[in-house]
Amino acid sequence: MARQVRRAFKYRFYPTSEQAAELSRTFGCVRLVYNKALKERTRAWYGEQRRISYTQSSALLTQWKKTEELAFLAEVSCVPLQQALRHLQTAFTNFFAKRAAYPRFKSRKRSRSSAEYTRSAFTWRDGHITLAKMAGPLDIRWSRPLPEGAEPTTVTVSRDGAGRWFVSMLCEDTITPAPDTDAAVGIDAGITSLVALSTGEKVANPRHERRDRARLAKAQRNLSRKAPGSANRDKARRRVARVHARIADRRRDFLDKLSTRLVRENQTVVIEDLTVRNLLKNGRLARAISDAAWAELRSMLEYKCAWYERDLVVIDRWFPSTKLCGTCGTIRTKLPLDVREWTCGCGAVHDRDVNAARNILAAGLAVSACGDGVRPQRDSSRTGRSSAKQETQRATAGIPLLRAGEEVNAKPSPPSVRRAHPPRAQIYGTV
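About the cut-offs
Residues numbered from 1 in each chain as written. Predicted model: local features only at pLDDT ≥ 70, side-chain atom pairs only at ≥ 80, totals over all residues. Heavy atoms only, no water. Phe/Tyr/Trp six-rings, centres within 6.5 Å; stacked < 30°, edge-to-face > 60°. Helix = DSSP H or I, 4+ residues; strand = E, 2+ residues; numbered from the N terminus. Buried < 20%, exposed > 50% of the residue type's maximum accessible area, 1.4 Å probe, protein only. pLDDT = per-residue confidence, 0-100. Contact = heavy atoms within 4.5 Å. Salt bridge = Lys/Arg side-chain N within 4 Å of Asp/Glu carboxyl O. Pairing = 2+ DSSP bridges. Core = buried A, V, L, I, M, F, W, Y, C linked by side-chain atoms within 4.5 Å. 1 Å grid on protein atoms, 1.4 Å probe; cavity = no way out; pocket = protein on both sides within 12 Å on 5 of 7 lines; lining within 4 Å. Points joined across faces, edges and corners; volume = space filled by probe spheres on them.

What follows is about the packing of aromatic side chains. The geometry of an aromatic ring pair is captured by the separation of the ring centres together with the interplanar angle, meaning the angle of the planes. Considering all chains together, one arrives at 10 aromatic pairs under this definition. Relative to Y102, the ring of F92 has its centre 5.4 Å away and its plane inclined at 90°; by these criteria the two rings are edge-to-face. With F92 in helix α3 (residues 78-96) and Y102 in the loop between α3 and β2 (113-118), the pair connects residues that are 10 residues apart, well separated along the chain. Taking the relative accessible area as the measure of exposure, F92 reaches 5% and is therefore buried. By relative accessible area, Y102 is classed as partly exposed at 27%. Ring centres of W124 and W142 lie 6.1 Å apart, and the angle between their planes is 75°; this geometry places the pair in the edge-to-face category. You can see W124 sitting in strand β3 (residues 122-125) and its partner W142 sitting in the loop between β5 (140-141) and β6 (154-159), a full 18 residues away along the chain.

With that out of the way, let us pick up the confidence of the model for the protein. Residue-level pLDDT values for the protein average 85, and 86% of them are 70 or greater. Taken together, the stretch residues 376-401 has pLDDT below 50 and engages in 53 contacts with residues farther than four places along the chain or on a different chain. In the model, residues 410-431 has pLDDT below 50 throughout and makes 58 contacts with residues more than four positions away in sequence or in other chains.

On to the pattern of salt bridges. Opposite charge on two side chains permits pairing when their charged atoms draw close. In the structure shown here, the tally under the stated rule is 27 salt bridges. The partner of K304 in a salt bridge is D256, and the shortest N-O contact between them spans 2.4 Å. Here D256 lies in helix α6 (residues 231-265) and K304 lies in helix α9 (residues 294-307), a separation of 48 residues in the sequence. Owing to a relative accessible area of 32%, D256 belongs among the partly exposed residues under this scheme. With a shortest N-O distance of 3.5 Å, E265 and R261 are connected by a salt bridge.

Pairing is antiparallel in the open sheet, where 5 strands are placed in the order β2-β6-β7-β1-β5. Among the strands making up the open sheet, the edge pair consists of β2 and β5. Here strand β1 (residues 3-13) pairs with β5 via 2 bridges, running antiparallel. Across the sheet, F13 pairs through a bridge with I140, a residue of β5.

This next bit is on the pairing of strand β11 (residues 268-272). Here β11 lies mainly inside the structure; 5 of its 5 residues are buried. A two-sided burial pattern is seen for β11, the buried positions comprising T268, V270 and E272 on one face and V269 and I271 on the other. Pairing of strand β8 (residues 184-189) with β11, which is carried by 3 bridges, proceeds in the parallel orientation. Bridge pairing in β11 places A184 opposite T268.

Time to look at the nonpolar core. Ranked by size, the top nonpolar core spans 43 residues in total, and within it L23, L131, V157 and M169 carry the most contacts. By residue number, the principal contributor to this core is helix α1 (residues 17-48), which donates 9 residues. Aside from chain neighbours lying at most four places away, what touches M169 is R7, A8, F9, Y11, W124, I129, I140, W142, L146, P152 and T154. In this structure, V185, V203, A292 and L301 belong to the second largest nonpolar core, which totals 27 residues.

Quantified by volume, the second largest pocket comes out at close to 940 Å³. L274, L279, T322, L337 and R352 are the residues nearest the centre of the second largest pocket, which is lined by 28 residues in total. When residues of the lining of the second largest pocket are traced back to their parent elements, those giving at least two are β8, α7 (276-279) and α10 (352-370).

Right, dumping it as structure tokens:
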């Protein structure tokens, strides 16, 4: 069944000198209003133990416009300024809900330059967008068409560090679910191979940052020789930003195509719950892990599975997928990173990544069937509760073992089959 979703379509555009000047002023005013509102809310809380709402912040903005010092705020469209206050309110809501850290001030050099226009601040006519305070429409490069009959409800204009201008349009789009299939796949993320699939396939890591590392190093050395504050330094900074933008664009395009393929070909996708932030603390692997962008791949899989009505199963990070023998269920004590292929005591020879992917798939299908977690019961203080009493048997009891050449059915097994093999949730605690 088709479903309606709100989807953003991003395009590059080339503003005229007048439009660029107007947008630059708007970016500066948005940043100023956000910072002043944040400063006022922080002062009110620490000085008076008083919270300031969005309505009160909006009233403060009206007062600021009437002062001689900040009268220039009235020269730009008021909608992006109000949207900045709404974004600040959202940031505080997330902070008080413990979903995010305390809001930070926006920096002219490090923060993203953007302005958001709602429907009252732009006109959409015959495929052209004209923003408030501007005489002509934006010169947009339509790399792909908008959905038929769709009209943007929100327009966000931004400028990246390389000086490129983008416009993002939020529209209603109809997503048609992909055809049903019985296929399922387990995904083991890595560095040598970006992902290893339970089917035995390995997707090579394109290493976009490494391919442009020499060009990036040359641009950064050139930047370091320029005098601070000079025009030449600003040009050199843009050259560095363009190299970074090239790397990011190529990486995003590759991950987008890979995630789309995985979601379209499989009904169930099983991945690990990796904590990339903690993995980046490894100084030797941090650069390679950042280049792999595992978190971005997971994010793409999440929203695409929701769009196309696929099942995304995330197993616990402590599940020993790599050290676990997929044939006999034995867990190795140690398995260094340089060991890419190992032989179990039962005689089975395993490829490190493919074996991990098959174990991930088996655990994910067990979770789908019984609805419980796959975390090993290590300590009662760590999990808080367990699904069942810990039993003294091999670590893989209850997990269907996947061997090379076997067919995988993503749908849960019949009740009689599940009773014959006790679910892994009886051995492992909840996530």
